[in-house]
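# Examination of the molecular architecture
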Amino acid sequence: MGDNEARQARRAAHAPTVLAVEMPEALFALVEDHSRRTVMYLNEAVQVGRDHAKRLHEWRRLVLYALTDALSHNYLLVRTLAA
């Protein structure tokens, strides 16, 4: 095996070319909905943080609820796109 052949063997295979396909309306609507809800829960976490800044226990509890909801919608978004 020559130098050139060895270099070619070490290179990763090219990813297959994906043809441009129009995005289905239902998928676009789901992505939009999950994105909107994720942002809504992140905004809620910020607002709750401001409202309960002087009560650490309440602040921590309520901010984590909002962040958990945002994370759930982020996972749903990723899974929707993967499907």
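Below you will find a few notes about this structure.

Here is what the cut-offs are and how they apply
Chains are numbered independently. Their residues run from 1 in the order of the written sequence. Reporting of local features is limited, given that this is a predicted model, to residues whose pLDDT is at least 70; pairs of side-chain atoms are given and counted only at 80 or more, and all residues count toward the totals for whole chains, interfaces and linings. Note: side-chain values were computed over all heavy atoms of the structure, leaving out hydrogens and water. Here a strand is any run of E in DSSP of at least two residues, a helix any run of H or I of at least four, and the numbering for each starts at the N terminus. When accessible area is computed with a 1.4 Å probe and restricted to protein chains, residues below 20% of their type maximum are described as buried, those above 50% as exposed, and intermediate ones as partly exposed. Methods summary: accessible areas were calculated by the Shrake-Rupley approach with a probe of 1.4 Å, and residue burial reflects only the protein chains presented. Patches were defined on residues exceeding 30% relative accessible area and lacking a salt bridge, with like-charge contacts within 9 Å and nonpolar side-chain contacts (Val, Leu, Ile, Met, Phe, Trp, Tyr) within 5 Å. The rule for a salt bridge is simple: a side-chain nitrogen of Lys or Arg has to be within 4 Å of a carboxyl oxygen of Asp or Glu. Residue contacts are counted whenever heavy atoms from the two residues lie within 4.5 Å of one another. Expected helix span is given by 1.5 Å per residue-to-residue step, counting one fewer step than there are residues. Helix axes are fitted to C-alpha atoms over the stretch in contact, other axes to C-alpha atoms as well, and angles between N-to-C directions run from 0 to 180 degrees. In this scheme, roughly parallel covers angles under 35 degrees and roughly antiparallel covers those over 145, while 65 to 115 is roughly perpendicular and the rest are oblique. Crossing handedness: left-handed means the near helix sits turned counterclockwise from the far one by under a right angle, and right-handed means the same turn made clockwise. Residues are grouped as follows: Ala, Val, Leu, Ile, Met, Phe, Trp, Tyr, Cys and Pro are nonpolar; Asp, Glu, Lys and Arg are charged; every other residue, Gly included, is polar.

Turning next to the overall build of the chain. A count of helical and extended segments in the chain gives 3 helices and 0 strands. Ordered by position from N to C terminus, the α and β elements of the chain give α-α-α. Looking at the chain as a whole, 18% of its 83 residues are labelled buried. For the chain, the accessible area works out to roughly 7,200 Å², and carbon and sulfur atoms hold 59% of it.

Another point: the environment of Asp33. Take Asp33: it is sitting in helix α2 (residues 25-51). The class of Asp33 is partly exposed, set by a relative accessible area of 23%. C-alpha of Asp33 to C-alpha of Leu77: the two residues are 44 residues apart in sequence and 8.8 Å apart in space.

On the surface, Leu42, Leu64 and Leu67 cluster together into a nonpolar patch covering about 240 Å² of accessible area. The residue Leu42 is located in helix α2 in this model. When its relative accessible area of 38% is taken as the criterion, Leu42 is described as partly exposed.

Inspection of the secondary structure puts His34 in helix α2. Sequence-distant contacts of His34, defined by excluding residues within four places in its chain, comprise His73, Leu76, Leu77 and Thr80.

Taken as a whole, this structure holds 3 salt bridges when the rule is applied. A salt bridge links Asp33 to Arg37; the nearest nitrogen and oxygen atoms lie 3.1 Å apart. Placement of both Asp33 and Arg37 in helix α2 is noted, with a separation of 4 residues, approximately one turn of the helix. A salt bridge links Arg61 to Glu58; its shortest N-O distance comes to 2.8 Å. You can see Arg61 and its partner Glu58 sitting in helix α3 (residues 56-82), 3 residues apart, about one turn around the helix. Sharing partners across several salt bridges, the network here consists of Asp33, Arg36 and Arg37.

With 27 residues, α3 should cover 39 Å at 1.5 Å per step; its first-to-last C-alpha distance of 38 Å lies within 8% of that length. Looking at the packing, one finds that the buried side of α3 touches α2.

When two helices pack together, you describe them by how their axes are tilted relative to each other and by the distance separating the axes. Their axes nearest at 8 Å, the elements α2 and α3 cross at an angle of 165 degrees. Regarding the angle of α2 to α3, the classification is roughly antiparallel. Pair α2 / α3 crosses with left-handed handedness. A breakdown of the residues in the contact of α2 with α3 according to their chemical character gives 16 nonpolar, 7 polar and 3 charged.

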